Amino acid sequence: MLLGHPPMSQYLRILCRTERPLPRAEIGNFIHEGWFFNAPPRFEPTLDAPEAAHLEWARFEVHPPGVGRPIVLHYATQDVLAHSIEELIQTLLDAGLETSHAALLQRIRASRQLITIEVEPLRMTDDAWEMLDATEAFVARSRDGVVFVSGEAVYDAALQPLCVLRRPTFG
């Protein structure tokens with residue numbers, strides 16, 4: 001990392017087929033009850049705040065102990081969802097996976113909700129990664145979703161790869 005340049009964020013996207021809303025409090029309670037850390041993480045908004053139970057939301061911050069920057073969950077608008085679906089489908093088509101992964105393409109097209117998780121990989125602790133993996137799996141399981149990690153893979157609710165996007169490099 002070059003001095004003076006902020007660390008790069010990584011974005012993980014969870015595309016969900018169910019329309020059942022996912023309030024911030026449901027995600028936060030899952031994390032809180034998971035006991036991933038020695039001390040409880042801080043949430044913005046707090047889990048007992050009235051807005052944490054709202055079905056429509058845009059941003060939810062998880063501040064794990066020992067991690068300098070929050071893990072930020074973004075709930076996408078329908079416009080962002082539509083754009084992301086197009087982008088992900090194009091990524092699979094560009095990788096030549098149209099025939100071999102037709103069912104996955106259909107599943108992505110059927111997505112009704114999108115939650116994007118923003119992390120700063122260089123500042124994550126092992127406990128924060130464990131919490132992140134469990135949270136991704138929880139959201140994907142509870143809302144019939146798949147997890148898309150740019151340049152890496154598309155994963156199922158058990159975080160098993162459905163489609164690997166990284167091409168092997170030979171030197």
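As a reminder, the structure under discussion sits directly above these lines.
Now for a look at the structure at hand. Note that the structure is predicted; figures quoted are calculated from it, not measured.

Criteria and thresholds
- Residues numbered from 1 in each chain as written.
- Predicted model: local features only at pLDDT ≥ 70, side-chain atom pairs only at ≥ 80, totals over all residues.
- Heavy atoms only, no water.
- Salt bridge = Lys/Arg side-chain N within 4 Å of Asp/Glu carboxyl O.
- Helix = DSSP H or I, 4+ residues; strand = E, 2+ residues; numbered from the N terminus.
- Buried < 20%, exposed > 50% of the residue type's maximum accessible area, 1.4 Å probe, protein only.
- Polar contact = N/O pair within 3.5 Å; in protein donor to acceptor, adjacent residues only side chain to side chain.
- Contact = heavy atoms within 4.5 Å.
- Core = buried A, V, L, I, M, F, W, Y, C linked by side-chain atoms within 4.5 Å.
- Pairing = 2+ DSSP bridges.
- Axes fitted to C-alpha atoms, helices over the stretch in contact; angles between N-to-C directions.

Here we look at the pattern of salt bridges
Summed over all chains, the structure comprises 10 salt bridges. A salt bridge links R69 to E120; the shortest N-O distance between them is 2.4 Å. Separated by 51 residues along the polypeptide, R69 in the loop between β3 (59-63) and β4 (71-75) and E120 in the loop between β5 (113-119) and α4 (126-142) bring together distant segments of the chain. Among the residues examined, R69 registers a relative accessible area of 30% and is labelled partly exposed. Take E120: its relative accessible area is 5%, and that puts it in the buried class.

Focus: the side chain of H63
Examined against the element boundaries, H63 turns out to sit in strand β3. At 3.2 Å, the side chain of H63 and the side chain of E44 are in polar contact. The residues touching H63, leaving out its near neighbours within four places in the chain, are P41, R42, E44 and P70.

Some details on the nonpolar core
Across soluble globular proteins, nonpolar side chains have a tendency to be buried as a group. Core analysis: the largest hydrophobic core is formed by 30 residues, its most contacted members being I27, V62, I71, L73, I115, I117 and V139. At the level of elements, β1 (10-16), α1 (24-33), β3, β4, β5, α4, β6 (145-149) and β7 (153-155) are the ones that each hand at least two residues to this core. Broken down by element, the residue count for this core peaks at six residues, all from α4. When near neighbours in sequence (up to four residues on either side) are disregarded, I71 contacts F60, E61, V62, P64, I117, E118, V119, M124, A128, M131 and L132. Among the nonpolar cores identified, the runner-up in size contains 18 residues, and L15, A76, I85 and I89 belong to it.

So, the sheet that holds β3
Here eight strands make up an open sheet; going across it, the order is β2-β3-β4-β5-β1-β6-β7-β8 and the pairing antiparallel. With one partner strand each, in any of the chains shown, β2 (42-44) and β8 (161-164) form the two edges of the open sheet. Taken over all neighbouring pairs, the strand axes of this sheet differ in orientation by 20° on average, direction set aside. Two strands pair when backbone bridges link them, and β3 and β4 are joined in this way by four bridges, in the antiparallel orientation. Across the sheet, the residue bridging to F60 is L73, located in β4. This element, helix α3 (residues 102-109), spans β6, β7 and β8 of the sheet and lies at about 105° to β6. Docked against the sheet, α4 engages β1, β3, β4, β5 and β6, running at close to 20° with respect to β1.

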